[in-house]
Amino acid sequence: IRINGTAYVDGALSDPVPFQKAREDGYEDIVVVYNGPIGVPVGDKYDTFSSILAFFLPHQVGNLLKTRKDRLQEIERRLEAEKELKIIRPKKELPLKSILDSDKGRMNATYDMGIADAKEFLKTYHPS
């Protein structure tokens, strides 16, 4: 989207988990809230869709979309490797079928799952 002549893109494309930016800004006690459960393949549902959609978008945005899966897989590797990060994330696959899923039952189940995961995290969280 353009606002006053400046192009903006959703953070889910540009920097979906900006923990490195938080470090660069001087933060040390970083809590990452991430909707990707461990062990669920990253981006598999979006491969075909993103390739088609990228064709209709500006080149830079299309490239972000086409490389999203690889960038998310790199984030997964970094989250695993950087043990000092504290992460709130689902324990299992989300009830939602896609990012476009509008089923109220699945949306509520996903929301409830997030609350439960956050409460579980807070039981053992101790800020530095």
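Above this text sits the structure in question.
First, a word on what this report is: a plain description of the structure on this page. Since this is a predicted model, take the numbers as computed values, not measurements. (Residues numbered from 1 in each chain as written. Predicted model: local features only at pLDDT ≥ 70, side-chain atom pairs only at ≥ 80, totals over all residues. Heavy atoms only, no water.)

## So, the overall build of the protein
- Summing up its helical and strand segments, the protein has six helices and four strands in all.
- Put simply, the protein runs from its N terminus to its C terminus through helices and strands in the order β-β-α-α-β-α-α-α-β-α.
- Dimensions of the protein, computed from the C-alpha atoms along their principal axes, are close to 45 × 40 × 30 Å.
- Among the 128 residues that make up the protein, the fraction classed as buried is 23%.
- Put simply, the protein shows about 9300 Å² of open surface, and 57% of that area lies on carbon and sulfur atoms.
- Positive and negative side-chain charges in the protein, numbering 20 and 20 respectively, have mean positions lying 3 Å apart. (Helix = DSSP H or I, 4+ residues; strand = E, 2+ residues; numbered from the N terminus. Buried < 20%, exposed > 50% of the residue type's maximum accessible area, 1.4 Å probe, protein only. Areas by Shrake-Rupley, 256 points an atom, 1.4 Å probe, with all protein chains shown as cover. Lys, Arg positive; Asp, Glu negative; His and termini not counted. Charge placed at Lys NZ, Arg CZ, Asp CG, Glu CD.)

## Concerning the nonpolar core
- Formed by V17, F19, A22, I30, V32, Y34, L72, I75, L79 and L85, the largest nonpolar core amounts to 10 residues.
- Of all elements in the fold, only α2 (19-24) and α5 (68-81) reach the threshold of two or more residues within this core.
- Not counting residues up to four positions away in its chain, the partners in contact with L79 are F19, V32, Y34, L85, I87 and R89. (Core = buried A, V, L, I, M, F, W, Y, C linked by side-chain atoms within 4.5 Å. Contact = heavy atoms within 4.5 Å.)

## Side note on the side chain of D101
- Examined against the element boundaries, D101 turns out to sit in the loop between β4 (86-88) and α6 (104-124).
- Judged by relative accessible area, which is 12%, D101 ranks as buried.
- Among the polar contacts listed, one links the side chain of D101 to the backbone nitrogen of D103, at a separation of 2.9 Å.
- Separated by 2.6 Å, the side chains of D101 and R106 make a polar contact.
- For D101, the residues in contact, after removing those within four places along its chain, are P95, L96, R106 and M107. (Polar contact = N/O pair within 3.5 Å; in protein donor to acceptor, adjacent residues only side chain to side chain.)

## Quick notes on the packing of aromatic side chains
- Taken as a whole and judged by the stated rule, the model has two aromatic pairs.
- Pairing F55 with F56 gives two aromatic rings, centres 5.3 Å apart and planes at 90 degrees, and the pair type is edge-to-face.
- On the basis of relative accessibility, which here comes to 64%, the residue F56 falls in the exposed class.
- Here F121 and Y125 contribute two aromatic rings whose centre-to-centre distance is 5.2 Å and whose plane-to-plane angle is 25 degrees, an arrangement assigned as stacked. (Phe/Tyr/Trp six-rings, centres within 6.5 Å; stacked < 30°, edge-to-face > 60°.)

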